[in-house]
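Observations on the three-dimensional arrangement
If you want the building blocks of each chain, they are given just below.
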Amino acid sequence: AQSVTQLDSHVSVSEGTPVLLRCNYSSSYSPSLFWYVQHPNKGLQLLLKYTSAATLVKGINGFEAEFKKSETSFHLTKPSAHMSDAAEYFCVVLTGGGNKLTFGTGTQLKVEL
Amino acid sequence: DTAVSQTPKYLVTQMGNDKSIKCEQNLGHDTMYWYKQDSKKFLKIMFSYNNKELIINETVPNRFSPKSPDKAHLNLHINSLELGDSAVYFCASSQDSNNSPLHFGNGTRLTVT
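**Here's the deal with the overall build of chain A**
Within chain A, the secondary structure is distributed over 0 helices and 12 strands. The N-to-C order of helical and strand elements in chain A reads β-β-β-β-β-β-β-β-β-β-β-β. Relative to the 2.2 N^0.38 estimate, which gives 13 Å for 113 residues, the radius of gyration of chain A is 13 Å and therefore close to what a compact globule would have. Taking all 113 residues of chain A together, 44% fall into the buried category. A sequence separation of at least 24 residues applies to 54% of the contacts in chain A between residues at least 6 apart.

In structure tokens:
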């Protein structure tokens, strides 16, 4: 069965420094993977998705993620954090027909001045 | 011009009551979903409808009954509310049920006292 594990529940960075949010996946075949962001008291918004095309996926707001099969990872990165990036980030895998998604436990990103 | 709108935003009610949450999408999407987010921010799918037909029905108490009068609406009715039903419920939609990204509403925070 497909699953994702987010390795950090909280990440804190200074504004202007790089962001790294880690996600490992478990899948018996090439998975479809996503990153979603949730700002406080808001719904979730798709940042980017990987569906077995290019392994480096660029998303919105300067985020990108690299699919590494050898490491079963799909880490989310951004070169320079902005205060507005503070939010909860979810790594997600497509796990079944009907577009069924399974969410990771989330990583809360804090951005400090 | 909100894409996925759900009402109410907040719902406070007593145990044993019956309540409904409404969801509407104006994106012309074929597929709609209900997700539950618990107090630890864990998200889990409850139901999915494609063109008014139920396609995903996770292990959810039968006190929860989704209803889709047309493909733009997916309402959630909950009978005999319990304390454990307290959570944030998110409605979402996607173009289809084949790996399309989800668009989420802003959530309904249900508190059962």
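Now that the structure is up, let's keep going.
**Remarks on the interface of chain A and chain B**
Each partner contributes residues to the interface: chain A has 23 residues there, and chain B has 25 residues. Of the roughly 1,800 Å² buried at the junction of chain A and chain B (both faces included), carbon and sulfur atoms supply 51%. Counting every contact that joins chain A to chain B gives 2 salt bridges. The class makeup of the residues in the side of chain A that touches chain B is 8 nonpolar, 11 polar and 4 charged.

**Some words on the packing of aromatic side chains**
All names here are of chain A. Taken as a whole and judged by the stated rule, the model has 14 aromatic pairs over all chains. With centroids separated by 5.5 Å and ring planes inclined at 45°, the aromatic side chains of phenylalanine 63 and tyrosine 89 adopt a geometry described as tilted. Here tyrosine 89 lies in strand S10 (residues 87-96) and phenylalanine 63 lies in the loop between strand S7 (56-58) and strand S8 (64-68), a separation of 26 residues in the sequence. With a relative accessible area of 2%, phenylalanine 63 lands in the buried category.

**A closer look at the state of the cysteines**
Residues and elements named next belong to chain A. Scanning the entire structure with this criterion turns up 2 disulfides over all chains. What pairs with cysteine 23 in a disulfide is cysteine 91, and their sulfur atoms sit 2.0 Å apart. Measuring the twist about the S-S bond at about -70°, one finds the cysteine 23-cysteine 91 disulfide to be left-handed. Within this pair, whereas cysteine 23 is found in strand S4 (residues 23-26), its partner cysteine 91 is found in strand S10, the two being separated by 68 residues in sequence. In this structure, cysteine 23 and cysteine 91 share a single accessibility class: buried.

**Overview of the nonpolar core**
With 26 residues, the main nonpolar core has A:Trp35, A:Phe74, A:Leu76 and A:Tyr89 as its most contacted residues. Every residue in contact with A:Tyr89, bar those within four places of it in the chain, is listed here: A:Gln6, A:Leu21, A:Trp35, A:Tyr36, A:Val37, A:Leu47, A:Phe63, A:Leu76, A:Gly106, A:Thr107 and A:Leu109. Listed in part, the 19 residues of the second largest apolar core include B:Val4, B:Trp34, B:Leu74 and B:Ala87.

**Focus on the pairing of strand S9 (residues 73-78) of chain A**
Residues and elements named next belong to chain A. Bridge analysis of strand S3 (residues 19-21) against S9 gives 3 bridges, and the strand direction is antiparallel. The partner of valine 19 across the bridge, within S9, is lysine 78. Bridge count for S8 against S9 is 5 bridges, and the pairing is antiparallel. From the neighbouring strand, lysine 68 faces S9, where its bridge partner is serine 73. In this structure, the hairpin formed by S8 and S9 is closed by a connection of 4 residues, where threonine 72 is found at a positive phi of approximately 45°.

**Remarks on the side chain of B:Arg63**
All names here are of chain B. Secondary-structure assignment places arginine 63 in the loop between strand S6 (53-57) and strand S7 (64-70). A relative accessible area of 13% places arginine 63 in the buried class. Excluding residues that lie within four positions of it along the chain, arginine 63 makes contacts with His77, Ile78, Asn79, Ser80, Leu81, Glu82 and Asp85.

**Structural notes on the pattern of salt bridges**
When charged atoms on two side chains of opposite charge get close, those side chains can pair. Enumeration over the complete set of coordinates arrives at 10 salt bridges over all chains. Note that A:Lys58 is salt-bridged to A:Glu64, the shortest N-O span being 2.8 Å. Between B:Lys44 and B:Glu58 there is a salt bridge, with the nearest N and O atoms lying 3.6 Å from each other. Residue B:Lys44 is located in strand S5 (residues 43-50), and its partner B:Glu58 is located in the loop between S6 and S7; the two are separated by 14 residues in the primary sequence. Among the charged side chains, a salt-bridge network with shared partners connects A:Lys100, B:Lys44 and B:Glu58.

Cut-offs used in this document
- Residues numbered from 1 in each chain as written.
- Chains lettered and ligands numbered in written order.
- Predicted model: local features only at pLDDT ≥ 70, side-chain atom pairs only at ≥ 80, totals over all residues.
- Heavy atoms only, no water.
- Helix = DSSP H or I, 4+ residues; strand = E, 2+ residues; numbered from the N terminus.
- Rg over C-alpha atoms; globule rule 2.2 N^0.38 Å.
- Buried < 20%, exposed > 50% of the residue type's maximum accessible area, 1.4 Å probe, protein only.
- Contact = heavy atoms within 4.5 Å.
- Buried area = accessible area lost by both parts, 1.4 Å probe.
- Salt bridge = Lys/Arg side-chain N within 4 Å of Asp/Glu carboxyl O.
- Nonpolar A, V, L, I, M, F, W, Y, C, P; charged D, E, K, R; others polar.
- Phe/Tyr/Trp six-rings, centres within 6.5 Å; stacked < 30°, edge-to-face > 60°.
- Disulfide = S-S within 2.5 Å.
- Core = buried A, V, L, I, M, F, W, Y, C linked by side-chain atoms within 4.5 Å.
- Pairing = 2+ DSSP bridges.

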